[in-house]
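These are the residues of each chain, in order.
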Amino acid sequence: MSSPLTRLRVRLALVLGAAEIHLRLRLPRLTWALTRPRPPESPFGELVRIESDPAYRALFRAELDAALEDRLATRTAAVEEIEAAADRLRALLRPGDHERAA
């Protein structure tokens, strides 16, 4: 037998579905106004906002600086890891050190 909570959830889903159908039939304009797709923003909307709003420009530049610093730190860490791995490989491949490596 199903639990009371499960039955309540099913009843709630049925009631909400019925309410949606009722609203769509009785108030189609309101339903359309609430669910219509929004027009896409212009491709240069953010650029215009950056140029016209000093506060947004400062925020955008701060986020850009932080992203660039993070990218530089990630690349620097990767280069350091590669150089460390190369040093370990060079140490393994030195001539005359085969007896010590084995």
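Cut-offs applied
- Residues numbered from 1 in each chain as written.
- Predicted model: local features only at pLDDT ≥ 70, side-chain atom pairs only at ≥ 80, totals over all residues.
- Heavy atoms only, no water.
- Helix = DSSP H or I, 4+ residues; strand = E, 2+ residues; numbered from the N terminus.
- Rg over C-alpha atoms; globule rule 2.2 N^0.38 Å.
- Buried < 20%, exposed > 50% of the residue type's maximum accessible area, 1.4 Å probe, protein only.
- Areas by Shrake-Rupley, 256 points an atom, 1.4 Å probe, with all protein chains shown as cover.
- Lys, Arg positive; Asp, Glu negative; His and termini not counted.
- Charge placed at Lys NZ, Arg CZ, Asp CG, Glu CD.
- Salt bridge = Lys/Arg side-chain N within 4 Å of Asp/Glu carboxyl O.
- Phe/Tyr/Trp six-rings, centres within 6.5 Å; stacked < 30°, edge-to-face > 60°.
- Lys NZ or Arg CZ within 6 Å of the ring centre and 35° of its normal.
- Axes fitted to C-alpha atoms, helices over the stretch in contact; angles between N-to-C directions.
- Parallel < 35°, antiparallel > 145°, perpendicular 65-115°, else oblique.
- Contact = heavy atoms within 4.5 Å.
- Nonpolar A, V, L, I, M, F, W, Y, C, P; charged D, E, K, R; others polar.
- Patch = residues over 30% accessible without salt bridge, like charges linked within 9 Å, V, L, I, M, F, W, Y side chains within 5 Å.
- pLDDT = per-residue confidence, 0-100.

**As for the overall build of the protein chain**
When you go through the protein chain residue by residue, the secondary structure sums to five helices and zero strands. Secondary structure elements of the protein chain, listed N to C terminal, follow the sequence α-α-α-α-α. The C-alpha radius of gyration computed for the protein chain amounts to 31 Å, which surpasses the reference 13 Å derived for 102 residues by more than 25%, pointing to a less compact arrangement than a globule. Dimensions along the principal axes, computed over C-alpha positions, put the protein chain at roughly 90 × 60 × 20 Å. Across the 102 residues that make up the protein chain, the buried fraction comes to 4%. Of the roughly 9,800 Å² of accessible surface on the protein chain, 63% is carried by carbon and sulfur atoms. A gap of 17 Å separates the mean positions of the 17 positive and 15 negative side-chain charges of the protein chain.

**A short note on the pattern of salt bridges**
All told, the structure shown has two salt bridges when counted by the stated rule. Measuring nitrogen to oxygen at the nearest pair gives 3.1 Å for the salt bridge that ties Arg24 to Glu20. In this pair, Arg24 and Glu20 both sit in helix 1 (residues 4-26), four residues apart, roughly one turn of the helix. Since its relative accessible area comes to 42%, Arg24 is described here as partly exposed. Ionic pairing is found between Asp87 and Arg90, a salt bridge with its closest N-O pair at 2.7 Å. Of this pair, Asp87 and Arg90 are both found in helix 4 (residues 54-92), three residues apart, which corresponds to roughly one turn of the helix.

**What about the packing of aromatic side chains?**
Summed over all chains, the structure comprises zero aromatic pairs. Here Arg49 stacks its cationic end above the ring of Tyr56, 3.9 Å away from the centre of that ring.

**Focus: the packing of helix 3 (residues 45-52) against helix 4**
As a packed pair, helix 3 and helix 4 sit with axes 6 Å apart at the nearest point and diverge in direction by 110 degrees. As judged from the angle between their axes, helix 3 and helix 4 are roughly perpendicular. Of helix 4, the residues touching helix 3 (which contributes Glu46, Arg49, Ile50, Glu51 and Ser52) are Pro54, Tyr56, Arg57 and Phe60. Its residues assigned to classes, the contact of helix 3 with helix 4 shows four nonpolar, one polar and four charged.

**Quick notes on a nonpolar patch on the surface**
On the surface, a cluster of nonpolar side chains totalling about 380 Å² of accessible area is made up of Leu23, Leu27, Leu30 and Leu34. Along the chain, the position of Leu34 falls in helix 2 (residues 28-35).

**So, the confidence of the model for the protein chain**
Looking at the protein chain, the pLDDT average stands at 87 and 92% of residues meet or exceed 70. Per-element averaging of pLDDT across the protein chain places helix 5 (residues 98-101) at the bottom with 55 and helix 4 at the top with 95.

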